[in-house]
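Spelled out, the chains give:
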Amino acid sequence: MNEAAKAPAKAEDKQVYKVVIDAPIEVVWNTLVKTDEVLPFFFGAVCEAQTGTLAPGNRMRMVTPNRKYASVVGEVIEFSPPHRYAHTFKFTQWDDEFCTVTYDLKETAEGVEFSLTTTGVPADSKTAKSMAQGGPFITQNLKSLAETGKPKFSGKMVMWLGPLMGMMTPAACKIENWPLTRK
């Protein structure tokens, strides 16, 4: 069978990445939803939102600190402080379909249980491979940042390498290709 005749890959049902964070839920939440600074746990990106607010129905995107490129785009589905934030998700560099990412925070006796859940990720796709690596990176760096104010070494490395990686970013990722406002 040739490539064009293959049926699209079925979406993976669900992947869950969890960690317990020893910090108040408000600290974890506020760290997670910042829209005004570089976020080491989101690979050195800055989260931007339509109208400057993460709210249901608003578009969001993760952009380079110089605001030249968008790496991820989506739309906020749910925003319920300080317990849940969900949005659609698409890497701008690939033609994979949108999926959903949900962040849940739950207070426990041990601290805040943080869960990152992905659903509807196209199976065997570049997105699936990237998210399988990104889930643990995000949870561990968010934990470190919320507990100590500093990312793990891996988060620091991403911050240092970010400017170099920008030189290799595909033109498809240019921010003008991914507006926050609808036409």
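About the thresholds
- Residues numbered from 1 in each chain as written.
- Predicted model: local features only at pLDDT ≥ 70, side-chain atom pairs only at ≥ 80, totals over all residues.
- Heavy atoms only, no water.
- Helix = DSSP H or I, 4+ residues; strand = E, 2+ residues; numbered from the N terminus.
- Buried < 20%, exposed > 50% of the residue type's maximum accessible area, 1.4 Å probe, protein only.
- Contact = heavy atoms within 4.5 Å.
- Polar contact = N/O pair within 3.5 Å; in protein donor to acceptor, adjacent residues only side chain to side chain.
- Salt bridge = Lys/Arg side-chain N within 4 Å of Asp/Glu carboxyl O.
- Axes fitted to C-alpha atoms, helices over the stretch in contact; angles between N-to-C directions.
- Parallel < 35°, antiparallel > 145°, perpendicular 65-115°, else oblique.
- Left-handed = near helix turned anticlockwise from the far one by under 90°.
- Nonpolar A, V, L, I, M, F, W, Y, C, P; charged D, E, K, R; others polar.

Student: Can you break down the overall build of the protein chain residue by residue, with the values?
Tutor: For the protein chain, the helix and strand inventory stands at three helices and eight strands. Starting at the N terminus, the α and β elements of the protein chain follow one another as β-α-β-β-β-β-β-β-β-α-α. Counting over 183 residues, the protein chain shows a buried share of 43%. If you take every contact in the protein chain between residues at least 6 apart in sequence, the share linking residues at least 24 apart comes to 50%.

Student: With reference to specific residues and values, describe the side chain of Thr127.
Tutor: Within the secondary structure, Thr127 sits in helix H2 (residues 126–148). You can call Thr127 buried: its relative accessible area is 2%. A polar contact is formed between the side chain of Thr127 and the side chain of Asp96, at a distance of 2.7 Å. Each residue touching Thr127, except ones within four places of it in the same chain, is listed here: Phe91, Trp94, Asp96, Cys99 and Val121.

Student: A description of the pattern of salt bridges should follow, citing residues and the corresponding values.
Tutor: Taken as a whole, this structure holds seven salt bridges when the rule is applied. Arg67 is paired through a salt bridge with Glu48; the nearest N and O atoms lie 2.7 Å apart. You can see Arg67 sitting in the loop between strand E4 (59–63) and strand E5 (70–80) and its partner Glu48 sitting in strand E3 (residues 45–49), a full 19 residues away along the chain. Among the residues examined, Arg67 registers a relative accessible area of 35% and is labelled partly exposed. You can call Glu48 buried: its relative accessible area is 14%. Here Arg84 ties to Asp104 by a salt bridge, and the two come within 2.6 Å at their closest N and O atoms. Of the two residues, Arg84 sits in strand E6 (residues 84–91) while Asp104 sits in strand E7 (residues 99–108), which places them 20 residues apart along the sequence. On the accessibility criterion, Arg84 (31% relative accessible area) is partly exposed. Several salt bridges share partner residues, and in doing so they unite Glu48, Arg61 and Arg67 into one network.

Student: Give a description of the environment of Pro170 that names residues and reports values.
Tutor: Within the fold, Pro170 resides in the segment after helix H3 (153–166). Pro170 gets classed as partly exposed once you look at its relative accessible area, which sits at 35%. Expressed as a C-alpha distance, the spacing of Pro170 and Gln93, which sit 77 residues apart in the sequence, is 6.7 Å. Once you skip the residues sitting within four places of it in the chain, Pro170 turns out to touch Tyr69 and Gln93.

Student: I'd like a rundown of the packing of helix H1 (residues 25–32) against H2, residues and numbers included.
Tutor: Two elements in contact, H1 and H2, have axes whose closest approach is 10 Å; the angle formed by their N-to-C orientations is 125°. By the angle class used here, H1 and H2 are oblique. As for how H1 packs across H2, the hand of that crossing is right-handed. Contact residues: Val27, Val28, Thr31 and Leu32 in H1; Leu142, Leu145 and Ala146 in H2. Counted by class, the contact of H1 with H2 contains six nonpolar, one polar and no charged residues.

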